[in-house]
Amino acid sequence: MDLPQLLESITPQICESLKRAVELGKWPDGRALTDEQKSLCMQAIIAYDQRKPIEQRTGYVPPKTTACSPPPDEQPLKWKN
């Protein structure tokens with residue numbers, strides 16, 4: 001199986017499993033991911049995300065519709081004991 005076929009075979013469940021493994025740094029059975037495995041998992045996740053619409057991709061931040069507004073009248077903090 002070549003790389004495009006392998007990436008095409010990734011399902012949403014597999015992608016979520018890869019994301020979880022990268023987040024935790026270990027496989028579901030408890031074995032630690034090597035640096036190479038982490039890198040390959042991240043590459044697979046990115047390649048999988050490329051098939052999704054941009055607003056559904058991991059890390060997507062929608063553009064702001066308005067400019068940042070200044071904060072309302074600033075009030076000093078009041079400490080309570």
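Above this text is the structure in question.
Residues numbered from 1 in each chain as written. Predicted model: local features only at pLDDT ≥ 70, side-chain atom pairs only at ≥ 80, totals over all residues. Heavy atoms only, no water.

1. Brief notes about the nonpolar core
Soluble, globular proteins show a tendency: their nonpolar side chains are buried together. Under the convention used in this document: In this description, a nonpolar core means a group of buried Ala, Val, Leu, Ile, Met, Phe, Trp, Tyr and Cys residues linked to one another through side-chain atoms lying within 4.5 Å. Three exposure classes are used, based on accessible area relative to the maximum for each residue type with a 1.4 Å probe and protein chains only: buried under 20%, partly exposed in between, and exposed over 50%. To qualify as a helix, a DSSP run of H or I must reach at least 4 residues; to qualify as a strand, a run of E must reach at least 2; elements of each kind are numbered from the N terminus. Here a residue-residue contact requires only that any non-hydrogen atoms of the pair lie within 4.5 Å.
Counting nine residues, the largest nonpolar core is built from Ile10, Cys15, Leu18, Ala21, Leu33, Cys41, Ala44, Ile45 and Tyr48. Those elements that place two or more of their residues in this core are helix 2 (12-24) and helix 3 (35-49). Top contributing element to this core by residue count: helix 3, with four residues. Beyond its immediate sequence surroundings of up to four residues, Cys41 is in contact with Leu18, Val22, Trp27 and Leu33.

2. Here we look at the environment of Arg51
Rule in force here: In protein, a polar contact requires one atom able to donate a hydrogen and another able to accept it; more generally it is a pair of N or O atoms within 3.5 Å, and residues adjacent in sequence count only if both atoms are side-chain atoms.
Structurally, Arg51 can be placed in the segment after helix 3. For Arg51, a relative accessible area of 39% translates into the label partly exposed. Setting aside anything within four residues of it in sequence, one finds Arg51 in contact with Leu7, Glu8 and Ile10. Looking at Arg51, its side chain comes within polar contact range of the main-chain oxygen of Leu7, at 3.4 Å. Here Glu8 takes part through its backbone oxygen, which lies 3.5 Å from a polar atom of the side chain of Arg51.

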